[in-house]
Amino acid sequence: MVKKKIIQRIVAILIVLTVFFWSPLSHYPISLAIMKVYSAIHEKESVMEEKGIQLKIPGGRITETPDWFPFAMTFNASAGFRDFLEMQEICSGQPADRADYSGLQLTIVYNFPAFDMLQGCSRLYDSSSPYYNGFYGAYLVSGQTAEADGSRHPYGFTPEGKLDVSSVAQVPQFDFQELVLADMGIRWNRMVFDCAVNGLKENVSYAGSGGWTRADANLTVNGVFHQKKQFHRSYLQYGPPGYQEENEPGTADFAPVGMYGRVYGKYFEEWDTSVFFYILVRDPEAMERCDREILGKSTLS
């Protein structure tokens, strides 16, 4: 009798776990567990680890409003980034003047919008949210760009040390198109990334030091809203999209959307590393709030 009751309890527990696993409620704890482990693995091989950089970027827990995921994550994308830059050079139509990016290393520290527990996914997909399509964090690019004439300079900066907005924009373009959108199933010929700088300010203090350059921009990029048709690996992180088209009538899968972007850039000679703090959101107030309450409280040493 006792043995029978134990078996019944085990079966009941397995049934509950199975139902929970297949319900939207399971997606958030799955994301928390996977991203904690995955990020820790990448931290061990990051630019920060190699250069001895102490970088702390707050997560969503720092604010009272549940607007962002609880912690920022780390991802190394050096090989893919170098390939992307080389392809951009080839597509420019001037292969003879191509720069050499073989010495560059890229580490991305990032965060995305908080989960909607009822939908079982991040508000990253919610086209009615001010955080739609949103990310914040930092890009760390170590190494030098070697130009065709033999000169070298830090990535994202001109030989004179000024922020090179056009090259800086290639980092979020690579990140968003290659690492986010492509993993959700969008076709390459549908990808859109237009960036227009509308403000530039030099000698800004940020993250505990001076000498930063801030660039604000208006962007048009693909939105991540789409209807799930098959499993994509990114669903383990953001959850499978649960929002329906009625959130914004007429919204098509991956339809382009206007965004606001902000970047703080500075080159650190002691680490031979360019650091770019960034925010990408749909709503300008959300951008200012993220900068003021979260990203602006980052520390770098």
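Counting starts from 1 at the beginning of each chain's written sequence and moves along it residue by residue. Predicted model: local features are reported for residues with pLDDT of at least 70 only, side-chain atom pairs are reported and counted for 80 or more only, and whole-chain, interface and lining totals are derived from all residues. By convention in this description, side-chain values take in all heavy atoms of the structure and omit both hydrogens and water.

S.K.: Where do I start with the overall build of the protein chain in this structure?
M.R.: Check the secondary structure of the protein chain and you find eight helices and 13 strands. Counting all 301 residues of the protein chain, 49% fall into the buried class. Note on contacts: a residue pair is in contact if any heavy atoms of the two residues lie within 4.5 Å. Considering only intrachain contacts with a sequence separation of at least 6, the fraction spanning at least 24 residues in the protein chain is 72%. All accessible areas in this document rest on Shrake-Rupley with a 1.4 Å probe, and a residue is counted as covered only by the protein chains that are shown. A total accessible area of about 15,100 Å² is found for the protein chain, and carbon and sulfur atoms account for 54% of it. Secondary structure follows DSSP: runs of H or I at least 4 residues long count as helices, runs of E at least 2 residues long count as strands, and numbering of each begins at the N terminus. Note on exposure labels: buried denotes an accessible area under 20% of the residue type's maximum, exposed denotes more than 50%, and partly exposed covers the range between, all computed with a 1.4 Å probe on protein chains only.

S.K.: Explain the environment of P58 to me, please; I cannot follow it from the model alone.
M.R.: Within the secondary structure layout, P58 lies in the loop between β1 (55–56) and β2 (73–76). Note: C-alpha distance between P58 and P70 (12 residues apart in sequence) is 8.5 Å. When near neighbours in sequence (up to four residues on either side) are disregarded, P58 contacts Y136, I294, K297 and S298.

S.K.: Would you take a moment to explain the packing of helix α4 (residues 78–91) against helix α6 (residues 170–181) for this structure?
M.R.: Two packed helices can be described by the angle between their axes and the distance between those axes. Axis angles are defined between N-to-C directions and span 0 to 180 degrees, where every axis is a line fitted to C-alpha atoms and, for a helix, only to the segment in contact. Close contact between α4 and α6 brings their axes to 10 Å; oriented N to C, the two are set at 110 degrees. When the axes of α4 and α6 are compared, the pair comes out roughly perpendicular. The two elements α4 and α6 meet at a crossing, and its hand is right-handed. Only Q170, V171, Q173, F174, Q177 and E178 of α6 make contact with α4, whose side of the interface consists of G80, F81, F84, L85 and Q88. Charged means Asp, Glu, Lys or Arg here, nonpolar means Ala, Val, Leu, Ile, Met, Phe, Trp, Tyr, Cys or Pro, and polar covers whatever is left, Gly included. Class assignment for the residues of the contact of α4 with α6 results in five nonpolar, five polar and one charged. Orientation is classified from the angle alone, with under 35 degrees giving roughly parallel, over 145 giving roughly antiparallel, 65 to 115 giving roughly perpendicular, and any other angle giving oblique. By convention the crossing between two helices is left-handed if the near helix lies anticlockwise of the far one by an angle smaller than a right angle, and right-handed if it lies clockwise.

S.K.: Help me out: how do you make sense of the nonpolar core in this one?
M.R.: What tends to happen in soluble globular proteins is that the nonpolar side chains get buried as a cluster. By nonpolar core we mean a set of buried residues, namely Ala, Val, Leu, Ile, Met, Phe, Trp, Tyr and Cys, connected to one another through side-chain atoms within 4.5 Å. Within the largest apolar cluster, 52 residues are counted, with the highest numbers of intra-cluster contacts made by F81, L106, F135, Y155, V224 and F276. Residue assignment for this core shows that the elements contributing at least two residues are α4, β3 (105–111), β6 (135–142), α6, β10 (209–222), α7 (235–238), β11 (256–268) and β12 (273–281). A total of five residues in this core trace back to one element, the largest contributor, which is α6. Once residues lying within four places of it in the same chain are set aside, the contact partners of F81 are L104, L106, V141, Y155, Q170, V171 and F174. Residues I57, Y136, Y206 and M287 belong to the second largest nonpolar core, which totals 29 residues.

S.K.: What is the right way to read helix α8 (residues 284–293) from this model?
M.R.: Residues three or four positions apart in an α-helix share a direction because the helix packs 3.6 residues into each turn. Burial in α8 covers these residues: A286, M287, C290 and D291. The buried residues of α8 occupy one face: seen down the axis, they fall within an arc of 135 degrees. Of the exposed residues in α8, those oriented more than 90 degrees away from the buried face are E285 and R292. Contacts described as polar in this section are N or O atom pairs within 3.5 Å, which, within protein, must combine one atom able to donate a hydrogen with one able to accept it, while residues neighboring in sequence count only if both atoms come from side chains. With a side-chain oxygen lying 3.0 Å from the backbone nitrogen of E285, the N-terminal cap of α8 falls on D283. Arc definition: it is the arc formed by the directions from the helix axis to the C-beta atoms.

S.K.: In this structure, what is going on with a nonpolar patch on the surface? I would like to understand it.
M.R.: A grouping of I34, Y38, F231 and L236 is seen on the molecular surface, where their side chains present a nonpolar patch of about 350 Å² in accessible area. Checked against the element boundaries, I34 lands in helix α2 (residues 27–43). Nonpolar side chains (Val, Leu, Ile, Met, Phe, Trp, Tyr) are joined into patches within 5 Å and like charges within 9 Å, using only residues with over 30% relative accessible area and no salt bridge. Salt bridges, as used here, are contacts in which a Lys or Arg side-chain nitrogen is within 4 Å of a carboxyl oxygen on Asp or Glu.

Such coordinate-based values are descriptive only and should not be taken to indicate function.
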